[in-house]
Amino acid sequence: MSILPSLPYTLDALAYASAIGLLSMGLSLTYATTKVPNFAQASIAMFGAVTLLLLIDRYYYYHPGWSVFLAGVVLGGLVTGAVAWLVYVTVLKPLADRGNTVIGLMIATFALDIIFVNVLTAYLDEAHGVHIPKLIGASITSFEPRLHIGDYIVYGYTIALPITAVVLTVIFHLFLTRTKFGVAMRATIENPDLASVLGVNVNLVYMVSWFLSGFLAGAAGALMAYTLKGVDPSAAELIIVTVFAGSIVGGLESVYWGLIGGFIVGLAEKLGMTLLNNFYRDYFVLKWHAPNVSLLNYEKFMSLGLVVVMLLYAPRGLAGIDWGAVARRLGLRRGGGGR
Amino acid sequence: MSVWIFSDAFLITLFSFITVAISLNLEAGFTGIPNFGKHVFVFVGAFAAQGIGVRIAAWIYEKVEPQAAQQALEHLRSMVPGATWKSLVGAAADVDANRIVVNNYLRPFFVSHVGLEALLVVLLLVVTVALALFFGLIASYAALRLKEDYLAILLLSFAELMVMVLFYQSQSLNGGNQGLWAITFTSDPVKFALIGSGALAFISYLYAERLANSPMGRAMRAVRDDDVAASVFGRDIAVIRLKVILVSSVLAGLAGFFFIQNAALSTSMTFNRVIWTFLPWAMIILGGMANNLGAVVGAIVFLIGKRLFEYYQIPISNALHLGSSIVSALLPNIFIGIFIIVILYALPQGILPEKPSKTVKFEEILESEQGEEA
Amino acid sequence: MSEAPMIEVRELNAGYGRFHILFDVSLEVEPREIFIIVGPNGSGKSTLLKTLFGLTKVYSGSVKLEGRDITRIPPHARAKLGMAYLPQVGNVFAELTVAENLKMAGYTLEASELEERIRDVLEVFPFLKQKLNAKAKTLSGGQRQLLAMAMALIREPKVFMFDEPTAGLAPKAAKEIIDKMLWLRKEKGKTIVLVEQNAKLALEIGDRAILLVSGRVAYRGKASELLADKELGKKYLGLKG
């Protein structure tokens, strides 16, 4: 058997990594602005998944066209963005104003995580057959467009998710650099006191950052439902571990590095663990009769491992690494080898 | 209605939570270590009585009664076709044979061999403490190096991976999603659990009170409030944090050990983050952080409230027009989540706020330091 | 109105939380003057400047701007009334480009007005023209102070309050900043309050000065006279006799 995973599996891994990247990016954004690690980031994303479920049931059940992805991203993003905005305005801001420390705020997002997972699970249970008349269970996998390339079936989401990640990142980048409010957001992240003295409504910046974070999460959550083979809010309980890992690898405070960190961690969990598993199977199990266990069950340990390595060797994450120095060192080494 | 409050199961749960809340309070309330992975520290005690306990018990049984063990093994093989285990030790931790091994062979054997039973209890308590110390060392390694938010994230991730992935997804360690019957003690394991967990809660409280009012307790609060003050105090911050984490881990592990004596059959997911991390947090926030009595009061109020809610769950979900039983099963968690946010808003200091008189102010620390030097 | 001092401080007691730092400080800053605050390390110079801008806790006393009591109003409102505070560090956004920093400085202005002001300011600080797309963190320390001045100037405040702007700078860079201050006063008619560690440099350009020692005013008068006072200079300011 080949060590390399198949094409569909690789594409699925890329799609998963893109979704984690978007989630980590949103997490890093709200951490950079309001300094709260959001333990509810993954369960908030499930609002996007539920929105997609409703969309498919209403409009795409008989004719799953490519526009399902666009609609899922936009509507899922908007709904989830609104939820995240409400979280900040109705819970976190009042709690912070009451003098709660970051530990209190973390506990609050922990509580929100529990509330969201249970409310969405309860909603799906109540809604099936009533608000969701057609779909049975929470399965959505067969309701999407797909391509046939050679012998392979390429599922639509494996194309849509990476494209979504790229497009949203480009839009977000343009917002941060080309609009007055985006520049004010970056300024606030760096020095909220100075920004507020210059007339920036810092609270508005914080509200918008929560909305945007929610939008990114909802867009990712809607399409991630395909990689998870269905809409199960309790899946958020483990996804959050990966999302946090991505953000920490990225440096927790950098939005772009959050995206990259999330992408790397997602890829390591899927592709990295598959490579490791195939290697283990082909060499240790077949040749040396090591216990025949599937390492794939333990893919989450990849993300924890990456976090530990990162915290040991680069505590400020990828964002804190002096890439110029790294490049120079690599350049020097190459020069040394040439001699 | 008064019956259920004083049922053994409720009291065991209450005592276990009191211990866990006190130990979490030592970390989070007094020292400022946000342990968001408390559930794995409680879980180690259960693992000592389940995955490890049944194996050790079966091993002792095989050594003491080899013939009976052989017969038991053959009997089990006939009942579980296709079994691969070669000894009673393997069978004891296998989900298909575990129930029979524990209930039909091990428990009757140890109940009739009091000396061996006492030895096994001590052995498993030692295992619990050792596991708790091991996990505590891992946690403290992170706690000594990381800021509180990073630490909270890392401890949560660590605990989730241990409990949900390592122990729950694979059946070999602790029965996975089928769970294992724990090895329980005496002919009345519920009473054993009740006395054990009650004594543990009592000892935990006394210990925490003594610690809080000792010079080390003041140093702990100094560490939490101000690193500069702590260094002026002249204590080694690292040693204090290490000590607190290790002690708290052991207390939590022992609580898990006695708790599982009553629960007996359970999966690793019994120790999920909502029940054994979030609830203890909710208790100490409700009771008042950095106040041992607050942790106890928080645990009592919370568990009684939770019980009352569960008692009236059906009428409540009927009143809210919630049809399915799944929905009403989810309601307590939803209400607990809302409740704790309300508490954070309305009572940020909890029912019993930290006693200000016992906190050492920065200036006093400075003065006492100068006095000592002089 | 024109008779009122630009800034008038009466019997001010202030600090951080429980830490009382300033004791019964009184001073008057006249329009269009360069007012110097000097004193040894830890004497409360920077705290006084922060208090003028509303960044500390005032226990008693008052601060007036052109006769208007501003003791209790927040910093951003003081900025709107025409005060500009330039802290020693964190006075520019390091991760933003120079152009973005200038735009942030005029955040509340209309787009057309902001463009005009930026054009004017670039004439005063021509070196910024070449650096518009460079991130502020790539600028030298002196250039960063000048950028901070340019940002303050965009808002056309009445009073510039500088906290040790020349600290850690080479003499040439320090002189450039001092020159710009003199220009602000002469050409633009601005009032300047300057906190300086380098007492000689500051007292040479200042009109009037106070000497703070342990949070109390130890001298009040002409800057040139303080500079000439050998006893005070030797004792508190490290000036050679």
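Remember, predicted model here, so these are calculated numbers, not experimental data. Throughout this document, residue positions are counted from 1 along each chain, in the order its sequence is written. The order in which chains are written sets their letters, starting at A; the order in which ligands are written sets their numbers, starting at 1. The predicted nature of this model means local features are confined to residues of pLDDT at least 70 and side-chain atom pairs, given and counted, to a pLDDT of 80 or more, with totals for whole chains, interfaces and linings taken over all residues. Water and hydrogen atoms play no part in the side-chain values, which are based on all heavy atoms of the structure.

A. Quick look at the overall build of chain B. Counting its secondary structure elements, chain B contains 19 helices and 2 strands. Summary of the burial criterion: residues with accessible area below 20% of their type's maximum are buried, those above 50% are exposed, and those between are partly exposed, where the area comes from a 1.4 Å probe applied to protein chains only. Sorting the 374 residues of chain B into buried and exposed places 55% on the buried side. Contacts were defined at the residue level, with two residues in contact if any of their heavy atoms lie within 4.5 Å. For chain B, contacts bridging at least 24 residues in sequence account for 78% of all contacts bridging at least 6. Each accessible area is a Shrake-Rupley estimate made with a 1.4 Å probe; only the visible protein chains count as cover when residues are assessed. When the accessible area of chain B is evaluated, it comes to approximately 15,100 Å², of which 65% is carbon and sulfur surface. Numbering goes from the N terminus for both helices and strands, where a helix is a DSSP run of H or I of at least four residues and a strand is a run of E of at least two.

B. Molecular detail of the packing of aromatic side chains. Residue and element names in this part refer to chain B. When the centres of two rings from Phe, Tyr and Trp lie within 6.5 Å, Trp using its six-membered ring, the rings pair. Their planes under 30 degrees apart give stacked, over 60 give edge-to-face, and anything left gives tilted. What the rule picks out here adds up to 42 aromatic pairs over all chains. Relative to F110, the ring of F109 has its centre 5.0 Å away and its plane inclined at 80°; by these criteria the two rings are edge-to-face. The exposure class assigned to F109 is buried, which follows from its relative accessible area of 5%. Charge-over-ring placement is defined geometrically: NZ (Lys) or CZ (Arg) within 6 Å of the ring centre, and within 35 degrees of the ring normal. Lying across the ring of Y141, R145 places its NZ or CZ 3.7 Å from the centre.

C. Local environment of the sheet that holds strand β5 (residues 68-69) of chain C. All names here are of chain C. Spatially, β2-β1-β4-β5 is the arrangement adopted by the 4 strands of the open sheet, whose pairing is antiparallel. Each edge of the open sheet carries a strand with a single partner, namely β2 (19-29) and β5. Here the axes come from fitting lines to C-alpha atoms, over the contacting stretch only for helices, and the angles between their N-to-C directions go from 0 to 180 degrees. Running over the sheet, helix α1 (residues 45-52) touches β1 (7-16), β2 and β4 (57-65) and is turned about 115° from β1. Here the rule is simple: two strands pair whenever DSSP picks up at least two bridges between them.

D. Spatial organisation of a nonpolar patch on the surface. Nonpolar side chains collect at one region of the surface, where A:V308, A:V309, A:L312, A:Y313 and B:Y141 lie side by side and expose about 520 Å² of accessible area between them. Among the elements that take part in the nonpolar patch, helix α11 (residues 300-313) of chain A stands out by supplying 4 residues, more than any other. Residue position: A:L312 is located in helix α11. The partly exposed category is assigned to A:L312, whose relative accessible area is 43%. Patch definition: residues above 30% relative accessible area lacking any salt bridge, with like charges linked at up to 9 Å and the nonpolar side chains Val, Leu, Ile, Met, Phe, Trp and Tyr linked at up to 5 Å. Salt bridges are defined as contacts in which a side-chain nitrogen from Lys or Arg sits within 4 Å of a carboxyl oxygen from Asp or Glu.

E. Here's a closer look at the sheet that holds strand β7 (residues 159-163) of chain C. Residues and elements named next belong to chain C. With respect to topology, 6 strands assemble into an open sheet ordered β6-β7-β8-β3-β9-β10, the strand pairing being mixed. What marks the edges here is a single partner per strand, and that holds for β6 (83-86) and β10 (216-222). Direction aside, neighbouring strands of the sheet carry axes that sit 15° apart on average. Bridging between strand β9 (residues 208-213) and β10 involves 6 bridges; their strand directions are antiparallel. Paired with I210 across the strands is R220, a residue of β10.

F. Looking closely at the nonpolar core. Among the nonpolar cores identified, the biggest contains 293 residues, and C:M104 and C:F125 are the most heavily contacted of them. Not counting the four nearest positions on each side in its chain, C:M104 is found in contact with A:V183, A:A184, A:A187, A:L198, A:V200, C:F93 and C:L96. Here, nonpolar core refers to any group of buried Ala, Val, Leu, Ile, Met, Phe, Trp, Tyr and Cys residues whose side-chain atoms link them within 4.5 Å. If you look at the next biggest cluster of nonpolar residues, it comprises 29 residues, including C:F53, C:I70, C:M83 and C:V193.

G. Structural view of unusual backbone geometry. Residues and elements named next belong to chain C. Positioned with a positive phi, E66 is a non-glycine residue whose angle comes to about 50°. Secondary-structure assignment places E66 in the loop between β4 and β5. Residue E66 is classed as partly exposed on the basis of its relative accessible area, which comes to 26%. Of note in the backbone geometry, E156 takes a positive phi value of approximately 50° without being a glycine. With respect to the helices, strands and loops of the structure, E156 is situated in the loop between α6 (141-154) and β7.

H. Fine view of the pattern of salt bridges. If you walk through the whole model with that rule in mind, you get 23 salt bridges over all chains. A:K35 is paired through a salt bridge with A:E253; the nearest N and O atoms lie 3.3 Å apart. Linking A:K35 in the loop between α1 (7-34) and α2 (41-60) with A:E253 in the loop between α9 (236-250) and α10 (255-288), this pair joins segments that are 218 residues apart in sequence. A relative accessible area of 37% places A:E253 in the partly exposed class. A salt bridge links C:E156 to C:K188, with the nearest nitrogen and oxygen atoms 3.5 Å apart. Remark: C:K188 occurs in helix α7 (residues 171-188) and C:E156 occurs in the loop between α6 and β7; sequence separation between them is 32 residues. For C:K188, a relative accessible area of 35% puts it in the partly exposed group. Here the residues in one salt-bridge network are A:D113, B:E160 and B:R273, joined through shared partners.

I. Structural detail: the packing of α9(A) against α11(A). Residue and element names in this part refer to chain A. At a closest axis distance of 9 Å, the pairing of α9 and α11 adopts a crossing angle of 25°. If you check the angle between α9 and α11, you find them roughly parallel. Between α9 and α11 lies a crossing of left-handed hand. Residue-level contacts link L238, I239, T242, A245, I248 and V249 of α9 to K300, S303, L306, V307, M310 and L311 of α11. Classification convention: Asp, Glu, Lys, Arg as charged; Ala, Val, Leu, Ile, Met, Phe, Trp, Tyr, Cys, Pro as nonpolar; all other residues, Gly among them, as polar. Residues belonging to the contact of α9 with α11 are distributed by class as follows: 9 nonpolar, 2 polar and 1 charged. By the definition adopted for this analysis, an angle is roughly parallel if under 35 degrees, roughly antiparallel if over 145, roughly perpendicular if from 65 to 115, and oblique otherwise. The crossing is said to be left-handed when, going from far helix to near helix, the turn is anticlockwise and less than a right angle, and right-handed when the turn is clockwise.

J. Molecular detail of the interface of chain C and chain A. The interface is formed by 19 residues belonging to chain C together with 16 residues belonging to chain A. Buried area adds together the accessible area that both of two parts lose upon being put together, with accessible area traced by a 1.4 Å probe. Both faces considered, chain C and chain A share a buried interface measuring about 1,500 Å² in area, 64% of it formed by carbon and sulfur atoms. When residues of chain C are sorted by the area they lose upon contact with chain A, C:F93, C:M104 and C:Y107 head the list and together hold 43% of the total. For the pair chain C and chain A, the interface holds 1 salt bridge. Close ionic contact of C:E100 with A:R186 constitutes a salt bridge, the shortest N to O distance being 2.9 Å. Polar contacts, as used here, are pairs of N or O atoms within 3.5 Å; protein pairs need one atom able to donate a hydrogen and one able to accept it. Residues neighboring in sequence count only if both atoms are side-chain atoms. In this assembly, chain C and chain A are joined by 6 residue pairs in polar contact (both at pLDDT 80 or more). Elements with a minimum of two residues in the side of chain C that touches chain A: α2 (75-80) and α3 (98-105) of chain C. Looking at side-chain class alone, the side of chain C that touches chain A contains 12 nonpolar, 4 polar and 3 charged residues.

K. Region of interest: the interface of chain B and chain A. Across the boundary between the two partners, chain B contributes 45 residues, which contact 43 residues of chain A. Of the roughly 4,100 Å² buried between chain B and chain A, counting both surfaces, carbon and sulfur atoms make up 77%. Put simply, chain B and chain A have 1 salt bridge between them. Between chain B and chain A we count 7 residue pairs in polar contact (both at pLDDT 80 or more) in total. Of all the elements in the fold, those that place two or more residues in the side of chain B that touches chain A are α9 (148-167), α15 (273-287) and α18 (325-346) of chain B. Looking at which element gives the most residues to the side of chain B that touches chain A, the answer is α9(B), with 15 residues. Residues belonging to the side of chain B that touches chain A are distributed by class as follows: 31 nonpolar, 9 polar and 5 charged.

L. Structural detail: the packing of α3(C) against α6(C). Residue and element names in this part refer to chain C. One way to put it is that α3 packs onto α6 with a least axis distance of 8 Å and a crossing angle of 35°. α3 and α6 meet at a crossing whose hand is right-handed. The residues of α6 that touch α3, namely those facing V98, N101, L102 and A105, are L147, A150, M151 and I154. Residue composition of the contact of α3 with α6, grouped by class: 7 nonpolar, 1 polar and no charged.

M. Structural view of α1(C). Residues and elements named next belong to chain C. In terms of residue burial, α1 counts as a mostly covered element, since 6 of its 8 residues are buried. Residues of α1 that are buried: K45, T47, L48, L49, T51 and L52. Following α1 by one or two positions, G54 has its phi on the positive side, about 80°.

N. Examining the environment of A:T188 more closely. Residues and elements named next belong to chain A. Among the structural elements, T188 can be located in helix α6 (residues 180-190). Here the alpha-carbon distance between T188 and N203, two residues 15 residues apart in the chain, equals 9.9 Å. When near neighbours in sequence (up to four residues on either side) are disregarded, T188 contacts A195, V200, V202, V205 and Y206. Among the polar contacts made by the side chain of T188, one reaches the main-chain carbonyl oxygen of A184 at a distance of 2.7 Å.

O. Representation of the pairing of β1(C) within the structure. Residues and elements named next belong to chain C. Burial within β1 is extensive, with 7 of its 10 residues counted as buried. Pairing analysis gives 7 bridges linking β1 to β2, with the strands arranged antiparallel. Looking at the pairing, E8 lines up with E28 of β2. Between the end of β1 and the start of β2, which pair antiparallel, lie 2 residues, with G17 showing a positive phi angle near 55°. When β1 meets β4, the two strands line up antiparallel, connected through 7 bridges. The partner of N13 across the bridge, within β4, is S60.

Any functional reading would require information that these geometric values do not contain.
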